[in-house]
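Listed below, chain by chain, are the residues.
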Amino acid sequence: SLTRMKAEVADDVIEKSVTGLAEQQKTFVDAEDGKAAEDGNAIRIDFVGRIDGAPFDGGSSEDHQLELGSGNFIPGFEEQLVGAKAGNKTEVKVSFPDEYPGEAVAGKDAVFDVEVKQVLVAEPVTIDDAFAARLGMPDLAALRAAVSEQVQREYNERSRMRLKRQILDQLAEANEFEVPPSLSAREFDSIWQQIEQDMERAGETWDDAEMTEDEARADYEKIAKRRVRLGLLLSEVGSRNDIAVPQEEL
C-alpha cells in the first residue's frame, strides 16, 4: 500500500522563482557622493585580515565587490560595514566559526583593516519580455512556463524519492531474515569510514557528538544490515522477474 504525493506549482512559487532570477541579473552602479552603504548595496573594498597580528592566507584582497546582506562573508563582517561611505577606513573584528573549512583559521578571532573605495546601488531589473529575452526565452510567458516546468520536475522527483523510501521501508518490515555477516561487516566498514572522514573534515570528535561512539556503531550496524537485506531482496525481485538494465539505459 503506497501513497504517491502530487503537488501543483502555485503561481506565487513561480513569481518568487522569476524574481530570484531577476535578482541574479541585477547590476550595480556608482552611488551618489556621500551615500552611506545599506543592506542591498554593494561596496568595493581593499582589506587585509590578521590573526594575532599576522596576515593569513586568503585574508587579503583589493577591489573586492561585496553585496551587503548577502551573507557571503564571515558572520559579522558585512554588518559592521553598514553605514560606511566611500573613503572610510575601518577595522572589522570577527570570529571564524569553529566549522569553517579553513583549518588554520577555524574558531579564531581576526581583525580586518578595510578601506571602502566605492559605494554602489543596484539598478532595478524590470521583469518583462526584454528580461526574458536576456535569458534566452521568447517572452515572459515562456519564461514563467519554463520555471513552472522546472519546479514541477523538482516536485515530481521529491515525490518519487518519497515513494521509493516507502517501498524500501515496507520491504524491510515485511522481510526479516539474517544476512551474511561478511556482507553486513563490509557495508558497515564502508559507512563507518565515511563517518570518520566527515568528522575529520569538520574537525569533530566523539566528544562533540550527540551520542557515544559505541551508540553510533550500534545504530550504523543496524543500517548496514538493513542495506544488505534490501540489496538481497531487490536482487531476488530482479532475478525472479527477469529485470535487466541494458548498458544503453545506464
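Right above here is the structure, for reference.
Just so we're clear, the structure is a prediction, and the values are computed from it rather than from any experiment.

Parameters and conventions
- Residues numbered from 1 in each chain as written.
- Predicted model: local features only at pLDDT ≥ 70, side-chain atom pairs only at ≥ 80, totals over all residues.
- Heavy atoms only, no water.
- Helix = DSSP H or I, 4+ residues; strand = E, 2+ residues; numbered from the N terminus.
- Salt bridge = Lys/Arg side-chain N within 4 Å of Asp/Glu carboxyl O.
- Buried < 20%, exposed > 50% of the residue type's maximum accessible area, 1.4 Å probe, protein only.
- Phe/Tyr/Trp six-rings, centres within 6.5 Å; stacked < 30°, edge-to-face > 60°.
- Lys NZ or Arg CZ within 6 Å of the ring centre and 35° of its normal.

The phi dihedral of aspartate 52 falls on the positive side, at around 55°, and the residue is not glycine. You can see aspartate 52 is positioned in the loop between β2 (42-51) and β3 (54-67). Look at aspartate 63: it is not a glycine, yet its phi comes out positive at around 55°. Counting through the fold element by element, aspartate 63 comes out in strand β3.

Now for the pattern of salt bridges. According to the stated counting rule, one finds 16 salt bridges in the structure shown. Measuring nitrogen to oxygen at the nearest pair gives 3.3 Å for the salt bridge that ties aspartate 46 to lysine 117. Of this pair, aspartate 46 sits in strand β2 while lysine 117 sits in strand β5 (residues 109-122), and the two are 71 residues apart along the sequence. Residue classification places aspartate 46 among the buried positions, given a relative accessible area of 16%. In this structure, the salt-bridge partner of glutamate 187 is arginine 227, at a minimum N-O distance of 3.2 Å. Taken together, the residues span a long stretch of sequence, with glutamate 187 in helix α4 (residues 181-202) and arginine 227 in helix α5 (residues 213-240) at a distance of 40 residues. The class of glutamate 187 is partly exposed, set by a relative accessible area of 23%. The class for arginine 227 is partly exposed, based on a relative accessible area of 46%. Each of Arg44, Asp46, Asp63 and Lys117 takes part in one network of salt bridges that share partners.

Scanning the model with the defined rule gives eleven aromatic pairs in all. Ring centres of phenylalanine 56 and phenylalanine 96 lie 5.8 Å apart, and the angle between their planes is 85°; on these two criteria the pair is classed as edge-to-face. Here phenylalanine 56, found in strand β3, pairs with phenylalanine 96, found in the loop between β4 (89-95) and β5; they are 40 residues apart in sequence, far enough to count as distant. With relative accessibility at 15%, the residue phenylalanine 56 sits in the buried group. Phenylalanine 96 gets classed as buried once you look at its relative accessible area, which sits at 5%. On the numbers, 5.6 Å between centres and 20° between planes, the contact of phenylalanine 188 with tryptophan 192 is stacked. Within this pair, phenylalanine 188 and its partner tryptophan 192 are both found in helix α4, separated by four residues, close to a single helical turn. The ring of phenylalanine 177 carries arginine 229 above its face, with NZ or CZ at 5.6 Å from the centroid.

By themselves, these figures tell us nothing about what the structure is for.
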